[in-house]
Structure formats: C-alpha cells, structure tokens
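Coordinate analysis (summary)
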Amino acid sequence: MASSLSDPVKLPCGVVFPNRLVKAAMAELMAGSEHTPTPELIEVYNQWGQGGWGAILTGNVQVDINHLGSPFDPALHGEYTGKDNNFLLVETWSKYAEACQQHGPPSIVQICHPGRQSFRIAGNRGIFASTIAPSPIPLVMGDGFLERLLSPLLFPAPREMTQADIDTVTRQFVDTARLMADSGFSGVQLHGAHGYLIDQFLNPKTNHRTDAYGGSAQNRSKFVLDILKQTRAVVPSTFCIGIKLNSADHSSATFEDTMTQIGLLVSAGIDFLEVSGGTYEDPKMMSTKTHPSEEEKSKSSRTAAREAFFLEFATAVRTRYPSLVLMLTGGFRTRAGAEAALRQNACDLVGIARPAAVDTRFARLLLDESVAEEEARLPLGKAPAPWGVGWIPIRILGAGLESSYYAGQIKRIGKGLKTFAPGL
Ligand SMILES: Cc1cc2nc3c(=O)[nH]c(=O)nc-3n(C[C@H](O)[C@H](O)[C@H](O)COP(=O)(O)O)c2cc1C
C-alpha cells in the first residue's frame with residue numbers, strides 16, 4: 001500500500017523513524033584540529049534535531065585519524081576499548097548524541113574510511129605517506145591535462161592493503177560503532193558509497209585482489225560483511241546498522257554483482273540501505289540538475305518522482321528485495337517529488353541533504369499540511385563559484401565548490417547566522 005511522508009518506519013533492529021524524511025549525511029568540516037565534536041557542530045545538530053526529521057544521519061566520522069576525507073573531519077583517535085577506559089571520549093560524543101536526539105529523532109552516525117580518496121593533507125599519516133586501498137590503483141580525477149597533473153599531487157598513490165591492514169581497519173569500524181552505541185546514538189551507517197574504502201572493495205574497478213577479498217561479487221563483499229558481523233557482536237541488538245551504497249546502471253557490467261552484494265547484506269541483517277551514486281572521479285551525487293518543471297510535474301507522479309537522481313536503481317532494488325528498508329537520496333527538493341517516490345514504491349525513506357543545509361526545518365515544512373503544494377519546496381540553483389574558477393576544466397572542482405558552499409551554510413547554522421539558497 002502507498003505510504004505517506006508522515007507514516008513511521010520500523011527498522012529490523014526495532015528503531016522507529018517517526019516519519020519518512022531523513023536528513024542525509026553531510027560532512028560538516030567543523031571538528032577542528034582535534035577531530036572531535038565542537039560546540040558549534042553540536043549546535044548545528046541541536047537545530048537539525050528540531051527540524052521535524054524522521055531521522056538524522058551525521059556527516060561522515062572517519063574510523064582512523066590517519067586517513068581523513070578532509071582536514072576537519074571528526075575521527076577516532078585510537079583503539080576504543082569500552083566506556084570504562086574511555087570515559088572522556090564517551091562524554092564528548094554523548095553530548096553530540098544528546099543534541100541530535102533530545103528533540104526526538106533517532107540519530108545515526110555515518111562511519112567511513114576514505115581509502116584512496118584521502119587528500120594528501122588530510123589525516124595524521126604525513127603528506128608523503130601513501131593512502132591505503134584494496135589494490136594500488138591511483139585516483140585520476142578525469143581525462144583532462146590538469147586533472148591528470150593534479151591527481152597525484154592531491155591524492156597520493158595508494159598501497160595495497162595487507163591482511164594486517166584489513167584486520168586493523170575492520171577493528172576501527174567496529175570500535176567506532178561501539179563508541180557511538182556507548183555514547184547513546186541509535187545506530188551507525190557504513191559509508192559504502194561515493195568511492196570510499198568499502199566501495200573500493202565492492203567495486204571490481206578498484207579491487208583487483210586475488211585473495212579472499214577479491215574476484216567474485218561475494219569475495220569483494222567480504223570486507224563489509226566482516227565489519228557488519230563483528231559490529232553486530234559488540235553492539236546491542238537494538239542498535240541500527242545501515243549502509244549507503246552506490247547505484248549501478250541496469251546496462252552496466254556490475255549491475256548483477258551489485259544486486260548480489262545487496263542480497264548478501266540483506267541476509268547478514270542490514271537495517272536499511274541508502275541508495276546514492278558517484279565518486280571523486282565521477283561526482284554524480286553532487287549533480288545540480290534542476291527538479292522537473294511545473295509542466296512536467298503536472299503530467300504524472302512518475303515524472304514528479306524523477307527529481308530523484310537514482311530512482312530507477314532504487315526501484316530495481318525494491319523489486320528484488322521487497323522487505324529491505326530502502327532510503328533514496330539525491331535531488332529531492334519538493335513535497336510532491338518525495339511523496340511520488342513513496343507512492344510509486346521506489347523507497348521507504350527520502351534522504352535530503354543540500355536543502356537541509358539551507359533550511360534545518362525543511363522536513364517540518366514538507367510535513368505541514370497547511371503549507372500549500374507550491375510552497376512545500378526548496379528549489380536550489382548551482383552553488384556560485386568565485387570569479388574565473390568556473391572556467392577551470394576540472395570536474396571535481398565543480399562538485400567541490402557545490403559541497404563547500406553547503407558546508408559554509410552548515411557553519412553559518414552553527415554560528416546562529418542566516419543561511420542562503422543559491423538562486424536558480
Ligand atoms: C556539504 C556536503 C557534504 C556531504 N558529505 C557527505 C558525507 O559525509 N557522507 C555522504 O554519504 N554523503 C555526503 N554528501 C552527499 C549527500 O549525502 C547526498 O548524497 C547528496 O548531496 C545528494 O543529495 P541532495 O541532492 O539532497 O543534496 C554531502 C553533500 C554535501 C552537500
């Protein structure tokens with residue numbers, strides 16, 4: 001049966017999202033040089049907590065301080081051996097959990113390792129140290145001359161992870177999840193999308209291993225399945241473990257492999273799957289495609305739902321795995337688009353990122369039935385680029401500008417300042 005935005009959703013672990021609108025993960029770049037939650041970051045979540053969201057996903061928290069996505073990511077500093085030995089750490093993270101959840105919505109920490117997508121200057125490993133990845137395949141931002149020139153300067157070539165590296169990173173994911181459970185969060189989401197380490201293992205383009213972690217779709221899933229299994233063993237059964245994954249085109253060689261991998265995650269007891277797409281080499285998730293025109297929207301709910309970037313893939317997952325709680329993120333800007341995606345059964349949860357950085361209470365607006373259809377929206381243009389920068393032929397630069405514009409808005413929320421939507 002069709003569901004509406006204000007209907008609750010219960011995850012297999014028992015956590016209930018009171019409605020279908022989820023604030024998606026956005027790296028806030030606000031953890032300072034200590035890489036811990038700062039008062040401004042906590043204030044941002046205090047604001048989002050009052051926004052009417054069914055759940056809040058935090059920006060990515062890195063599981064190893066040596067390997068960060070940005071120089072200001074929150075991160076785990078060392079081994080976590082439980083509450084009693086890490087009292088101050090738990091106290092710090094508990095304040096964050098409380099700020100998110102004190103107004104109601106369950107909050108889930110996205111945990112991540114960037115692997116080969118760690119900037120040279122991000123992390124404590126030193127600027128000459130290599131990154132780590134399933135296979136030693138350097139990141140190339142694009143085919144252009146500048147892209148090829150800058151790629152090795154920005155991203156050191158990765159070295160192939162040894163079994164000891166894999167064991168360490170697996171433990172770091174488990175430790176981070178355990179810390180978040182002890183701090184009172186409702187769950188974690190494994191960041192398996194956007195070309196980060198888990199995605200690098202899942203994807204045959206970045207995983208050329210010939211051991212138990214490479215080759216078949218099943219083998220390439222071993223890394224994430226081990227993390228999932230070992231995390232389950234140390235957190236309460238009521239703690240949510242979700243995952244964010246990239247979509248694959250129907251026509252792509254990896255479509256069936258991706259479906260197989262999702263099936264393995266479902267069998268292993270994942271609580272929800274968020275569908276996204278893109279990597280640093282092809283940043284689809286930062287698309288600035290405008291939502292359908294009024295004329296298109298009035299044609300059918302199918303067209304309205306098309307404001308979502310990865311709708312077709314989500315629909316395919318839904319057909320294969322009907323009982324999996326599915327979240328679809330990317331492109332939603334209107335109540336009509338969100339409702340249409342639910343109505344056509346493409347997903348259970350609608351993930352919203354950029355509009356939430358401009359309006360912390362965007363969910364409240366969409367849920368408020370007294371707000372007319374034409375007002376229940378937040379159209380967003382392309383983020384403005386500083387003069388001249390728009391002409392530089394580097395694809396990732398556009399995505400970087402887009403993302404840093406919204407990170408700037410999130411910072412403004414933390415300071416109690418007004419935010420601005422880029423005009424269409
Ligand atoms: C400032 C910013 C930071 C982001 N950081 C993350 C992140 O930490 N983890 C993640 O999975 N996605 C991240 N994303 C991607 C969003 O979660 C989302 O997938 C993407 O923005 C598309 O959704 P939207 O069209 O609603 O913005 C980020 C996006 C923005 C704008």
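Residues numbered from 1 in each chain as written. Predicted model: local features only at pLDDT ≥ 70, side-chain atom pairs only at ≥ 80, totals over all residues. Heavy atoms only, no water.

As recorded in an unreviewed UniProt entry, the protein chain goes by NADH:flavin oxidoreductase/NADH oxidase N-terminal domain-containing protein and comes from Aspergillus nanangensis. The record held by UniProt for the protein chain lists under Sequence similarities (unreviewed entry) the comment "Belongs to the NADH:flavin oxidoreductase/NADH oxidase family." (UniProt positions renumbered as here; feature names shortened; annotations may be inferred.)

You can see Leu153 is positioned in helix H3 (residues 145-154). A relative accessible area of 54% means that Leu153 is categorised as exposed. For the pair Leu153 and Arg120, spaced 33 residues apart in the sequence, the C-alpha separation amounts to 7.4 Å. (Helix = DSSP H or I, 4+ residues; strand = E, 2+ residues; numbered from the N terminus. Buried < 20%, exposed > 50% of the residue type's maximum accessible area, 1.4 Å probe, protein only.)

Their axes nearest at 10 Å, the elements helix H6 (residues 217-232) and helix H7 (residues 255-267) cross at an angle of 30°. One finds that H6 runs roughly parallel with respect to H7. In the packing of H6 onto H7, the handedness of the crossing is right-handed. Here H6 contributes Ala217, Gln218, Arg220, Ser221, Val224, Leu225 and Leu228 to the contact with H7, which in turn contributes Asp257, Thr260, Gln261, Leu264 and Leu265. (Axes fitted to C-alpha atoms, helices over the stretch in contact; angles between N-to-C directions. Parallel < 35°, antiparallel > 145°, perpendicular 65-115°, else oblique. Left-handed = near helix turned anticlockwise from the far one by under 90°. Contact = heavy atoms within 4.5 Å.)

Attention shifts here to the site of the ligand. Neighbouring residues of the ligand: 24 residues in total, closest Ala25, Ala27, Gln110, Gly331 and Arg354. Between Asn60 and the ligand, the recorded distance is 3.2 Å, taken from a backbone N or O atom to an oxygen atom. Computed on the free molecule, the ligand has an accessible area of 600 Å², of which 96% lies beneath the protein chains in the complex. Looking at the shell around the ligand, the elements that each hand over two or more residues are helix H12 (354-358) and helix H14 (395-414). With three residues, H14 is the single largest residue contributor to the shell around the ligand. When its residues are assigned to classes, the shell around the ligand shows twelve nonpolar, nine polar and three charged. (Near = heavy atom within 4 Å. Polar contact = N/O pair within 3.5 Å; in protein donor to acceptor, adjacent residues only side chain to side chain. Areas by Shrake-Rupley, 256 points an atom, 1.4 Å probe, with all protein chains shown as cover. Nonpolar A, V, L, I, M, F, W, Y, C, P; charged D, E, K, R; others polar.)

Of note, Asp199 is situated in helix H5 (residues 197-202). Discounting residues that sit within four places of it in the chain, Asp199 has contacts with Gly192, Ala193, His194, Thr206, Asn246 and Thr279.

Looking now at helix H4 (residues 163-182). Within an α-helix, residues lying three or four positions from one another point in the same direction, as the helix has 3.6 residues per turn. An ideal rise of 1.5 Å per residue puts 28 Å on 20 residues; H4 measures up with 28 Å between its terminal C-alpha atoms. Directly beyond the C-terminal end of H4, a positive phi value near 100° is found at Gly184. (Expected span 1.5 Å × (residues − 1).)

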